[in-house]
Amino acid sequence: MTAVTVGVNGSPESFAAVRWAAREAVVRELSLRVIHVQDWPAHPEHIEHIAGRPLAPEPLPPPGRSREAEHVLREAVRIAELHQPGVRVRTDDMAGEGLAAQVLLTEAGSCGADLLVLGSRGLDSLTGFLIGSTSLPVAAASECPVVLVRGHGHGDTDAGDGGSATGKLILGIGLKRSTGNDELLSFGCAEAARRNSRLQILHAWSLPAMYTYAETADPGIGDELAGHISQTLNRTVEPWRERFPDVSIEAKAVVGAPGAELVYASPGADLLIVGRRTRTLPVGPRLGHVAHAAIHHATSPVAVVPHA
């Protein structure tokens, strides 16, 4: 049975991920699976005193489950049920099973996860870098889409819970590649339909170096190229407008670096969607520079969607 899977470690970011994942489980009509991995960088200050209040005394945890894991999983269930009453939640403590990234990848694959959700702080602190040491390899190798959720505070704030602040999703695509856009567009359109949100499809481009001198002789050549790119983008998107007639889809071509333009567009968005090629390299799977920029610097939750 498929499920929305979320990894937790006791940090505010991971609890923001639980809120987001719980809502996603409800809109997808799936259960929520919460996984705690013991060796994920811990945040003891948040385990014993979450959301500014001591946790209630608990009986001894089941054999094989640490008191720390019991606290974290119990709080994750409480948050999920508080924000999405009726959501079906099950928990698993994977202590001692291996490195956190590998455990999450294995568990998400074995249970047929529809989506894998993790918390992230980006690059604003040392802690964010440590959390990235788990989230980055997971996003780079997962067979299912991975969503990284920002945490903006402690406890039960609405940050990162998937609440519809703008009702807009942003999806970045490239027009040079011949594959990959179908997977991205399918994911983005389906997400927008579930959430009753608008979908903005963004393609960033820059004038090729060879056009620099040509533009001096013909200043309108850049406008001509921009018009051609906009037409190509709209032709790419048109079949998806027909497939999802109830979704408001805007296709926009902008001049600039793709990673930077997606980051600039992310404030206030409900979700930023980027792609990741599923290719095997001698050094293993990796993220492209656009996905890296989005994960590290976007202010909204970021979905990394694998594609051929």
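Calculation criteria
- Position numbers for residues count from 1 along each chain, tracking the sequence in the order it is written.
- Since the coordinates come from a predicted model, pLDDT governs what is reported: local features require at least 70, and pairs of side-chain atoms require 80 or more to be given and counted, while whole-chain, interface and lining totals use all residues.
- Side-chain measures were taken over the full set of non-hydrogen atoms in the model, leaving aside hydrogen atoms and water.
- Under this scheme, a helix contributes an axis fitted over its contacting stretch, all axes are lines through C-alpha atoms, and angles between N-to-C directions fall in the 0 to 180 degree range.
- Only DSSP runs of H or I covering at least 4 residues are called helices, and only runs of E covering at least 2 are called strands; the numbering of each starts at the N terminus.
- What sets the label is the angle itself: under 35 degrees gives roughly parallel, over 145 gives roughly antiparallel, 65 to 115 gives roughly perpendicular, and the rest give oblique.
- Here a crossing is called left-handed whenever its near helix is offset anticlockwise from the far helix by less than a right angle, and right-handed whenever the offset is clockwise.
- Contacts between residues were defined by any pair of non-hydrogen atoms, one from each residue, lying within 4.5 Å.
- Just so you know the grouping, Ala, Val, Leu, Ile, Met, Phe, Trp, Tyr, Cys and Pro go in nonpolar, Asp, Glu, Lys and Arg go in charged, and all remaining residues, Gly too, go in polar.
- Per residue, pLDDT captures the predictor's confidence, and it can take any value from 0 to 100.
- Multiply 1.5 Å by the residue count of a helix minus one, and that product is the helix's expected span.
- For every residue, the accessible area (1.4 Å probe, protein chains only) is compared with the maximum for its type, and the residue is labelled buried under 20%, exposed over 50%, or partly exposed between those bounds.

### Let's talk about the packing of helix α1 (residues 12–28) against helix α3 (residues 67–83)
A packed helix pair is summarised by two numbers, namely the angle formed by the two axes and the spacing between the axes.
Okay, so step 1: Close contact between α1 and α3 brings their axes to 9 Å; oriented N to C, the two are set at 40 degrees. Considering the angle they form, α1 stands oblique to α3. The handedness of the crossing between α1 and α3 comes out as right-handed. Within the contact between the two elements, α1 uses Phe15, Val18, Arg19 and Ala22 and α3 uses Val72, Glu75, Ala76, Ile79, Ala80 and His83.
Okay, so step 2: Class assignment of the residues belonging to the contact of α1 with α3 gives a composition of 7 nonpolar, 1 polar and 2 charged.

### Quick word on the environment of Val263
Okay, so step 1: Mapped onto the fold, Val263 is located in helix α9 (residues 258–265).
Okay, so step 2: As a C-alpha pair, Val263 and Ala298 span 35 residues in sequence and 4.8 Å in three-dimensional space.
Okay, so step 3: What Val263 contacts, discounting residues up to four positions off in sequence, is Ala293, Ala294, His297 and Ala298.

### Observations regarding the packing of α9 against helix α10 (residues 289–297)
Okay, so step 1: Contact geometry of α9 with α10 gives a least axis separation of 8 Å together with a crossing angle of 30 degrees. By the criterion of interaxial angle, the relationship of α9 to α10 is roughly parallel. Regarding α9 and α10, the two cross each other, and that crossing is right-handed. Contact with α9, carried on its side by Pro258, Gly259, Leu262 and Val263, involves Val290, Ala293, Ala294 and His297 of α10 and no other residues of that element.

### Focus on the confidence of the model for the protein chain
Okay, so step 1: When pLDDT is averaged along the protein chain, the result is 80, and 72% of the positions lie at 70 or above.
Okay, so step 2: Highest mean pLDDT in the protein chain belongs to strand β6 (residues 168–172) (95); lowest belongs to helix α2 (residues 44–47) (39).
Okay, so step 3: Segment residues 40–60: pLDDT under 50, and 46 contacts once partners within four positions in sequence are set aside and those in other chains are kept.
Okay, so step 4: Throughout residues 153–160 the model reports pLDDT below 50, and contacts reaching past four residues in sequence, or to other chains, amount to 21 contacts.

### Concerning helix α6 (residues 181–195)
Okay, so step 1: Taking 1.5 Å per residue as the helical rise, α6 with its 15 residues ought to reach 21 Å, and the 21 Å between its terminal C-alpha atoms agrees with that figure.
Okay, so step 2: When we look at burial in α6, the residues that qualify are Asn181, Leu184, Leu185, Phe187, Gly188, Cys189, Ala190, Glu191, Ala192 and Arg195.
Okay, so step 3: Directly after α6, the chain includes Asn196, whose backbone phi takes a positive value near 55 degrees.

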